[in-house]
Amino acid sequence: MAWVRIDDQAPRHEKMLKAGPAACWLWVCGIAHAQSQLTDGVISDEALPVIGVTGARLVRRLADTLVHVGLFERCPGGYRVHDYLAFNETREAAQARREASRQQHRQAGIASGRSRLVQRTAN
């Protein structure tokens, strides 16, 4: 499971107030999508209509609103969450952290298995 970081003052930020609630929900969904898919903040044109707001025309209008207020940036093939990498891990960092966690769990499992084996043979 991935987590995203959103400032607790975001609902009162001038950009959010200008964008409105529906666009802000798209912004939150965009950040969650980018984190779960490790896209470094990019939301493809194909993913945009299926990440939290229905209706292709509406979602495009909301995304353009987010661009207008400075929360999204247009990029080739989609949108980028403004300053995403300033607050969230890069794809490479997330993959390295996840692999290190898997290795830790694997080593802990091996140690636990050895401990149980020693206990069984001692009894």
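Every chain is numbered on its own, with residues counted from 1 as its sequence reads. It should be noted that, the model being predicted, local features are given only for residues of pLDDT at least 70 and side-chain atom pairs only at 80 or more, the latter also being counted only at that level, while totals for whole chains, interfaces and linings use all residues. By convention in this description, side-chain values take in all heavy atoms of the structure and omit both hydrogens and water.

S.K.: Looking at this model, I keep getting lost on the side chain of His 33. Mind explaining?
M.R.: By the criteria applied, helices consist of DSSP H or I runs no shorter than four residues and strands consist of E runs no shorter than two, each listed in order from the N terminus. Within the secondary structure, His 33 sits in helix α2 (residues 21-37). The class for His 33 is buried, based on a relative accessible area of 18%. Sequence-distant contacts of His 33, defined by excluding residues within four places in its chain, comprise Val 42, Ile 43, Ala 47 and Ile 51. Summary of the burial criterion: residues with accessible area below 20% of their type's maximum are buried, those above 50% are exposed, and those between are partly exposed, where the area comes from a 1.4 Å probe applied to protein chains only. Here, two residues are considered to be in contact whenever any of their heavy atoms come within 4.5 Å of each other.

S.K.: Honestly, the pairing of strand β2 (residues 72-75) in this entry has me stumped. Any pointers?
M.R.: The pairing of β2 with strand β3 (residues 78-81) spans 4 bridges and is classified as antiparallel. Looking at the pairing, Cys 75 lines up with Gly 78 of β3. Strand pairing requires that DSSP identify at least two bridges connecting the strands.

S.K.: I'm lost on the nonpolar core in this one. Help?
M.R.: Across soluble globular proteins, nonpolar side chains have a tendency to be buried as a group. Residues belong to a common nonpolar core when they are buried Ala, Val, Leu, Ile, Met, Phe, Trp, Tyr or Cys residues joined through side-chain atoms within 4.5 Å. If you look at the biggest cluster of nonpolar residues, it comprises 25 residues, and the most contacted ones within it are Leu 26, Trp 27, Ile 43, Leu 48, Leu 66, Phe 72 and Val 81. For this core, the secondary structure elements donating two or more residues are α1 (14-19), α2, α3 (56-69) and β3. In terms of residues, this core owes the most to one element, α2, which gives 7 residues.

S.K.: Is there a simple way to think about the sheet that holds β3 in this case?
M.R.: Strand pairing in a sheet takes place through backbone hydrogen bonds and is either antiparallel or parallel in direction. The strand order across the open sheet formed by 3 strands is β1-β3-β2, and the pairing between neighbours is antiparallel. With partners counted over all chains shown, the strands left at the sheet margins are β1 (42-44) and β2, one partner each. Strand-to-strand, the axes of this sheet are offset by a mean angle of 30°, without reference to chain direction. As paired elements, β1 and β3 share 3 bridges and run antiparallel to each other. Bridge pairing in β3 links Ser 44 to Gly 78. To obtain each axis, a line is fitted to C-alpha atoms, and for helices this fit is confined to the stretch in contact; angles are then taken between N-to-C directions over 0 to 180 degrees. Relative to β2, α3 is tilted by about 110°, and along the sheet it contacts β2 and β3.

What is shown is where atoms sit, not what they do.
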